[in-house]
Amino acid sequence: MPRFVSSQTAQQNDMEKINIIHSTFYPLPIENVDTDQIIPARFLKATTREGFGKNLFRDWRYENDDETKPKAGFVLNQSLYKGQILVAGKNFGSGSSREHAAWSLLDFGFKVIVSSFFADIFKSNALNNGVIPVQVSEAFLEKIFQYGYDATLTINLEEQTITIDATGEQDFFEINNYKKTCLLNGYDDIDYLISARAEIEAFEKSY
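As the structure is a computational prediction, the values presented were derived from the model and not from experiment.

This paragraph deals with the sheet that holds strand 1 (residues 20-28). Across the sheet, 7 strands lie side by side as 4-3-2-1-5-6-7; this open sheet has mixed pairing. On the outer flanks of this sheet lie strand 4 (132-135) and strand 7 (169-172), each paired with one strand and no other. Sheet twist, expressed as the average angle between the axes of neighbouring strands with direction ignored, equals 30°. Inspection of the sheet shows strand 2 (residues 85-88) paired to strand 3 (residues 112-115) by 3 bridges, in the parallel sense. Residue pairing across strands places L86 opposite I113, the latter belonging to strand 3.

Next comes the structure, spelled out in structure tokens:
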């Protein structure tokens, strides 16, 4: 009896392949952004990750939790800013370990979060859901914040670099090799095992 199901019978995976992301960005120069600020606890009842984007930074986006009263000063409400990248201040994703924080960022459209420091559990949740946490030096982060709404960044996952396109300045970021392989190939954990099926079966036969 085979121990691994084929890709045809495995649960459908919606992870996207990610390598190079070139995009404008939303600047959020606020430090110590915790998961309750990213997605307030009152929105955690759902068990699937769809639909969380509308409640991303909910308490910062709206007056008195009223969607008809967006706060004009908050960056997600400013039409000048667009893109797949959020650039945040130091210590992003602290607080409780809710995976919903990663779901809300992904559902809003972010594929990359840039900061000079991430909480470990948030970083893991982001990677598991196809969002790349790019940790840069504090000096490089400050350089990014100097640019306006039309500036672009390029994240090269294969080379593990982030580039400010206007100047060519570049920083290197660390990423778990296993998660890097999964992101480059659009794998979840099951897909990764399936991709290694031949090697695993050969190993089993050797014993």
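Back to the text.
By size, the foremost hydrophobic cluster in this structure holds 26 residues, and its most contacted members are I38, F57, L86, F92, L105, I113 and F122. The set of elements that each furnish at least two residues to this core consists of strand 1, strand 2, helix 3 (100-108) and helix 4 (120-128). Element by element, the count of residues in this core is highest for helix 3, at 3 residues. Other than its neighbours up to four places away in sequence, F92 contacts V33, I38, F57, L86, L105, I113, S115, F117, F118, A119 and F122.

Below, the discussion takes up the pairing of strand 6 (residues 161-164). Where burial is concerned, the two faces of strand 6 agree: the one with T161 and T163 and the one with I162 and I164 are both buried. Across 4 bridges, strand 5 (residues 152-156) lies against strand 6 in antiparallel orientation. Bridge pairing links T154 to T163 in strand 6. In sequence, strand 5 turns back onto strand 6 through a hairpin of 4 residues, with Q160 there showing a positive phi of about 60°. Pairing between strand 6 and strand 7: 4 bridges, direction antiparallel.

So, about the confidence of the model for the protein chain. Chain-level pLDDT for the protein chain is 89 on average; 87% of the residues reach the 70-or-more range. Within the model, the stretch residues 1-12 combines pLDDT values under 50 with 13 contacts to residues more than four positions away or in other chains.

A word on unusual backbone geometry. Generally, phi is negative for residues other than glycine and the peptide bonds are trans, each holding for most cases. One non-glycine residue, N32, lies in positive phi territory at about 60°. With respect to the secondary-structure elements, N32 resides in the loop between strand 1 and helix 1 (35-38). The partly exposed category is assigned to N32, whose relative accessible area is 43%. Residues other than glycine seldom take positive phi values, yet Q160 does so here, at roughly 60°. With respect to the secondary-structure elements, Q160 resides in the loop between strand 5 and strand 6.

Evaluation of the coordinates by the stated rule reveals 10 aromatic pairs. Note on F52 and W103: the rings are 5.5 Å apart at their centroids and 65° apart in plane angle, and the pair reads as edge-to-face. Here F52 is found in the loop between helix 1 and helix 2 (58-61), whereas its partner W103 is found in helix 3, with 51 residues between them in sequence. Here F52 and W103 have matching classes, each one buried. Ring plane angle 65° and centroid distance 6.0 Å describe the contact between W60 and F74, whose orientation is recorded as edge-to-face. Of this pair, W60 sits in helix 2 while F74 sits in the loop between helix 2 and strand 2, and the two are 14 residues apart along the sequence. Ring-pair connections join several aromatic residues into one group, and the members of that group are Y26, F108 and F110.

Moving on, we come to helix 5 (residues 138-145). F140, L141, I144 and F145 are the residues of helix 5 that are buried. Looking straight down helix 5, one finds its buried side chains confined to an arc of 145°; they lie on one side. On its buried face, helix 5 sits against strand 1, strand 2, strand 3, strand 5, strand 6 and strand 7.

With that settled, the discussion passes to the pattern of salt bridges. By the definition in use, this model includes 8 salt bridges. Across the salt bridge formed by K111 and E16, the nearest N and O atoms sit 3.0 Å from each other. A residue pair is termed long-range when its members are at least 10 positions apart, and K111 in the loop between helix 3 and strand 3 and E16 in the segment before strand 1 qualify at 95 residues. Residue E16 is classed as partly exposed on the basis of its relative accessible area, which comes to 48%. The partner of R98 in a salt bridge is D36, and the shortest N-O contact between them spans 3.1 Å.

Parameters at a glance
- Residues numbered from 1 in each chain as written.
- Predicted model: local features only at pLDDT ≥ 70, side-chain atom pairs only at ≥ 80, totals over all residues.
- Heavy atoms only, no water.
- Pairing = 2+ DSSP bridges.
- Helix = DSSP H or I, 4+ residues; strand = E, 2+ residues; numbered from the N terminus.
- Axes fitted to C-alpha atoms, helices over the stretch in contact; angles between N-to-C directions.
- Core = buried A, V, L, I, M, F, W, Y, C linked by side-chain atoms within 4.5 Å.
- Buried < 20%, exposed > 50% of the residue type's maximum accessible area, 1.4 Å probe, protein only.
- Contact = heavy atoms within 4.5 Å.
- pLDDT = per-residue confidence, 0-100.
- Phe/Tyr/Trp six-rings, centres within 6.5 Å; stacked < 30°, edge-to-face > 60°.
- Arc of directions from axis to C-beta.
- Salt bridge = Lys/Arg side-chain N within 4 Å of Asp/Glu carboxyl O.

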